[in-house]
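# Coordinate inspection notes
Here's the letter readout for the chains.
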Amino acid sequence: MEEHNHPGELEPVQRKSTAAIVADQLRSAIMFGSLPPGSQMGEAELATRLGVSRGPLREAMQRLVQEGLLHSEPHRGLFVATLDAADVRDLYTARLAVERSACEQIVRHHRVEAVAELSAAQARMVSAASKGDRVELTDADQEFHETLVRVSRSPRLQRMAQTLLVEKRMCLTALQDKYPADKQALVDEHRGLVDAIEAGDEQLLLARLTEHMNDALDRLNGSLPR
């Protein structure tokens, strides 16, 4: 039977290790382009910038190697991954699989919560689009999909989605001036997902999600190296 926490109930304090905190910072720097694709991870410089010793830094970087965000080149060191067109196609194949499963859980078990939270996320997209702010719109898009997976309440789907969404943001950061060209279409696609959840129509939701992912991939195709 599922247990629910009540307001005011004491819960264990979650403490992150230094390596986990460093991994979070490196992941964010990769996602937002401060550490661009192809850049080398210089241990001495990074340890100084982060104010940590090399031990936690190395542990953090190995976590990102396991996630596929860094790769090792023999006799050269670690580098930020570079995504080509084939990588992006594979990324969207994996994203669709994860988010389809999240949508199934949402429609069957968490519709009310999902509609409330996703409507708020989509409203931020509307605001960003109305201002013509590409960066804010991309942030809101990212938040929408993070929320979609989180509201499924599946820790494993959330773990799988984390790296995929970092890779997605890497693409969008690199192509910030090109994507998305049609802001209103992007806003409408996300509204359509919320409407399908609210209607409790699983097949419509999955069809719209598939179309949304395919549209996003089409927008990215041709803008990345093959």
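Here the structure is shown first, and the text comes after it.
What counts, and where the lines are drawn
Residue numbers restart at each chain and count upward from 1, following the sequence in its written direction. Under the rules for a predicted model, residues below a pLDDT of 70 receive no local features and side-chain atom pairs below 80 are neither given nor counted, while totals for whole chains, interfaces and linings still include all residues. No hydrogens and no water enter the side-chain calculation; it runs on all heavy atoms of the structure. A run of H or I in DSSP counts as a helix once it spans at least four residues, and a run of E counts as a strand once it spans at least two, with each numbered from the N terminus. Partly exposed residues are those whose accessible area sits between 20% and 50% of the maximum for their type, while under 20% is buried and over 50% is exposed, using a 1.4 Å probe and protein chains only. Whether two strands pair comes down to DSSP finding at least two bridges between them. Polar contact is defined as a pair of N or O atoms within 3.5 Å, subject to the rule that within protein one atom must be able to donate a hydrogen and the other to accept it, and that residues adjacent in sequence are counted only when both atoms are side-chain atoms.

## Thoughts on the overall build of the protein chain
Helices and strands together make up the secondary structure of the protein chain, namely nine helices and two strands. Secondary structure elements of the protein chain, listed N to C terminal, follow the sequence α-α-α-β-β-α-α-α-α-α-α. For the protein chain, the residues scored as buried account for 42% of the 226 residues in total.

## Side note on the environment of proline 36
Counting through the fold element by element, proline 36 comes out in the loop between helix H1 (18-31) and helix H2 (43-50). Under the relative-accessibility criterion, proline 36 is labelled partly exposed at 36%. For proline 36 and valine 80, which are 44 residues apart along the polypeptide, the C-alpha to C-alpha distance reads 6.8 Å.

## A word on the pairing of strand E2 (residues 77-80)
Inspection of the sheet shows strand E1 (residues 70-73) paired to E2 by four bridges, in the antiparallel sense. Looking across to E2, one finds that glutamate 73 is bridged to glycine 77. Counting the residues between successive antiparallel strands, the hairpin from E1 to E2 contains three residues, one of them, histidine 75, with a positive phi of roughly 65°.

## Some details on the environment of valine 126
Relative to the helices and strands, valine 126 resides in helix H5 (residues 111-131). Classification of valine 126 as partly exposed rests on a relative accessible area of 39%. With 61 residues separating them in the primary sequence, valine 126 and valine 187 have C-alpha atoms 6.3 Å apart.

## Description of the side chain of aspartate 141
By the secondary structure assignment, aspartate 141 is in helix H6 (residues 134-151). Taking the relative accessible area as the measure of exposure, aspartate 141 reaches 2% and is therefore buried. Side chain to side chain, aspartate 141 and histidine 190 meet in a polar contact 3.4 Å long.

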